[in-house]
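Observations on the three-dimensional arrangement
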Amino acid sequence: MPVEFARKSSDGRITLVLLTEGPAAQLLWSVMQVTSAEEARRNLAAREKCGEGSIGYWPSEGGCFEHSDLIGSWATSKGIVGVVWTALPPKFDSSQSLASANEIVSYLRNLAEPTLSLAREYVRKTPPQIRTPYRAAIERELEWTAISST
């Protein structure tokens, strides 16, 4: 899936979001222990501190979320009956446009504490398998390499 460090969150971190296009990156997933699709959406919305309208889900009527068809094909191939994901768009400053890697690196470089620590921790704790062009730039320019899980 095309994913990138492209959304400035309310606490100042730059977080991963699915993109309309771009190079595909390996993503990770986990099983939720819930009894319904509605419960899964509520739980993910609470975890992500966003409204349920920002939670994508499959199956969905008419593929109402971007990536629904691709996610549905993947899920079907794995025998998975339902998927939820955070469906927030890129956002930098006040626009929902995609910032460049240089803009993201410059923003991160100029953060002050405690936002700096939050942002660094988010990037470094992102699983190392999730390789993106912006992550490569962040690692190269800021030396925020992945924290080993071992």
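Here is a short report on the structure shown in this document. As the structure is a prediction and not an experimental result, all values here were calculated from the model. (Residues numbered from 1 in each chain as written. Predicted model: local features only at pLDDT ≥ 70, side-chain atom pairs only at ≥ 80, totals over all residues. Heavy atoms only, no water.)

1. Details of the environment of serine 68
We apply this condition: A run of H or I in DSSP becomes a helix once it reaches four residues, and a run of E becomes a strand once it reaches two; helices and strands are each numbered from the N terminus.
Tracing the chain through its elements places serine 68 in helix α2 (residues 68-78). When the C-alpha positions of serine 68 and serine 9 are compared, they lie 24 Å apart, and in sequence the two are 59 residues distant.

2. Quick word on the side chain of arginine 41
Selection rule: Each residue is assigned to one of three classes by its accessible area relative to the maximum for its type, calculated with a 1.4 Å probe on protein chains only: buried under 20%, partly exposed between the two thresholds, exposed over 50%. Whether two residues touch is decided by their heavy atoms; if any such pair falls within 4.5 Å, the residues are in contact.
Relative to the assigned elements, arginine 41 resides in helix α1 (residues 37-48). For arginine 41, a relative accessible area of 14% corresponds to the buried category. For arginine 41, the residues in contact, after removing those within four places along its chain, are Glu52, Ile55, Tyr57 and Val84.

3. Quick notes on the packing of aromatic side chains
As a reminder of what qualifies: Aromatic pairs are defined between Phe, Tyr and Trp rings, using the six-membered ring for Trp, whenever the two ring centres lie within 6.5 Å; interplanar angles under 30 degrees are classed as stacked, those over 60 as edge-to-face, and all others as tilted.
For the structure shown, the criterion picks out five aromatic pairs. On the numbers, 5.0 Å between centres and 65° between planes, the contact of tyrosine 57 with phenylalanine 65 is edge-to-face. Judged by its relative accessible area of 23%, tyrosine 57 is partly exposed. With relative accessibility at 16%, the residue phenylalanine 65 sits in the buried group. Geometrically, the ring pair formed by phenylalanine 65 and tryptophan 85 is edge-to-face, given 6.2 Å between the ring centres and 75° between the ring planes. Residue phenylalanine 65 is located in the loop between β3 (55-58) and α2, and its partner tryptophan 85 is located in strand β4 (residues 83-86); the two are separated by 20 residues in the primary sequence. With respect to burial, phenylalanine 65 and tryptophan 85 carry one shared label: buried. Grouped by ring-pair contacts, the aromatic residues Tyr57, Phe65 and Trp85 constitute a single cluster.

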